[in-house]
Amino acid sequence: MAQNTSTAVMQRRAEPHDSLDDFPTPPWATRALFDHLQGVLWWLHTDSDTCREPAANRGHMVRPLREFFASVEASDIHNYGAGFPVQDYLFGPDPAPVDWTVTNPPFRLAEQFIERALRTSRHGAAMIVRTAFLEGVGRYERLFSQHPPRIVLQFTERVVMHKGKLAPKGSTATAYCWIVWTSDHKGPTEFGWIPPCRKRLERAEDYQLQAEG
Ligand SMILES: C[S@@+](CC[C@H](N)C(=O)[O-])C[C@H]1O[C@@H](n2cnc3c(N)ncnc32)[C@H](O)[C@@H]1O
């Protein structure tokens, strides 16, 4: 049988069990979330809110979050050289509450990240995950049925995440969505699409910052 070696299929995000899941999020995908939420959540005032990014990696999500929030607290379990405190988000007692928790959690720990984020976020929590994360009986029973998200926002454009770096070019076979919980919402979960917006929200300096370290 012929082997499928297309670039898209080969860039599927499959990582060993003990991996840190080092896949930075392109900044436009974080801008897309709050760009969209500003039209959905009438009460949203991120410019006076605090935010936590607990798996901050090289800061590619922290920087766009700082464009929206009054303050953003960042840390990661590994030091990627961005100057954030090194901290295991899942270790020890819950951290002090913030208004929002927003991250791209390590896949194998995503449920634990979400549970801690829900306990420690006054207004809401948003996680970008592979869309496949939405399925699964166990996850439904443990998480989604207990804590129905406010909205699931599916990207219409592919969000390309490469291991260990941001890349302005490339393709992927993996679909991503944002799952958003808000403290005022007990269900049902709304579904929406994030219309094409990469061109509008992507900036050349998103990639230059990385090149400069
Ligand atoms: C998918 S990357 C996301 C990085 C960043 N949030 C972004 O979107 O650019 C997952 C990150 O989770 C971090 N991580 C893994 N386990 C962690 C833990 N227990 N506590 C804090 N960070 C963790 C990894 O080091 C990695 O940087």
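Refer to the structure above for everything that follows.
Residues numbered from 1 in each chain as written. Predicted model: local features only at pLDDT ≥ 70, side-chain atom pairs only at ≥ 80, totals over all residues. Heavy atoms only, no water.

> Whenever I open this one, the sheet that holds strand 1 (residues 50-53) confuses me. Can you help?
Hydrogen bonds along the backbone pair up the strands of a sheet, which may run parallel or antiparallel. Spatially, the seven strands line up as an open sheet ordered 2-1-3-4-6-5-7, and their pairing is mixed. Of all strands in the sheet, those with a lone pairing partner are strand 2 (71-74) and strand 7 (190-194), marking the two edges. Across the sheet, the axes of successive neighbouring strands diverge by a mean angle of 20°, strand direction being ignored. With two bridges joining them, strand 1 and strand 3 (residues 98-103) adopt parallel strand pairing. Residue pairing in the sheet places Cys-51 in a bridge with Trp-100 of strand 3. Along the sheet face, helix 2 (residues 27-37) touches strand 3, strand 4 (121-130), strand 5 (151-155), strand 6 (176-182) and strand 7 and points at about 135° away from the line of strand 5. With respect to the sheet, helix 4 (residues 110-119) is in contact with strand 3, strand 4 and strand 6, its orientation differing from that of strand 4 by roughly 160°. (Pairing = 2+ DSSP bridges. Helix = DSSP H or I, 4+ residues; strand = E, 2+ residues; numbered from the N terminus. Axes fitted to C-alpha atoms, helices over the stretch in contact; angles between N-to-C directions. Contact = heavy atoms within 4.5 Å.)

> Would you mind going over the site of the ligand with me for this structure?
Around the ligand, 22 residues are found, and the nearest of them are Thr-25, Glu-53, Ala-55, Asp-76 and Tyr-80. Interatomic distance of 2.7 Å between a side-chain N/O atom of Asn-57 and an oxygen atom of the ligand. Measuring from an oxygen atom of the ligand, one finds a side-chain N or O atom of Asp-76 at 2.6 Å. (Near = heavy atom within 4 Å. Polar contact = N/O pair within 3.5 Å; in protein donor to acceptor, adjacent residues only side chain to side chain.)

> Before we go on, may I ask you to explain the pattern of salt bridges in this structure?
Opposite charge on two side chains makes pairing possible when the charged atoms of those side chains draw close. Tallied over the full model, the rule gives 13 salt bridges. One salt bridge connects Arg-31 with Glu-67, and the closest N-O pair in it is separated by 2.9 Å. Of the two residues, Arg-31 is situated in helix 2 and Glu-67 in helix 3 (residues 62-68); the sequence distance between them amounts to 36 residues. Here Glu-111 and Arg-139 are joined by a salt bridge, their closest N and O atoms 3.4 Å apart. Highlighted residues: Glu-111 in helix 4 and Arg-139 in helix 5 (residues 137-144), separated in sequence by 28 residues. A network of salt bridges, in which partner residues are shared, links Arg-31, Glu-67, Arg-203 and Asp-206. (Salt bridge = Lys/Arg side-chain N within 4 Å of Asp/Glu carboxyl O.)

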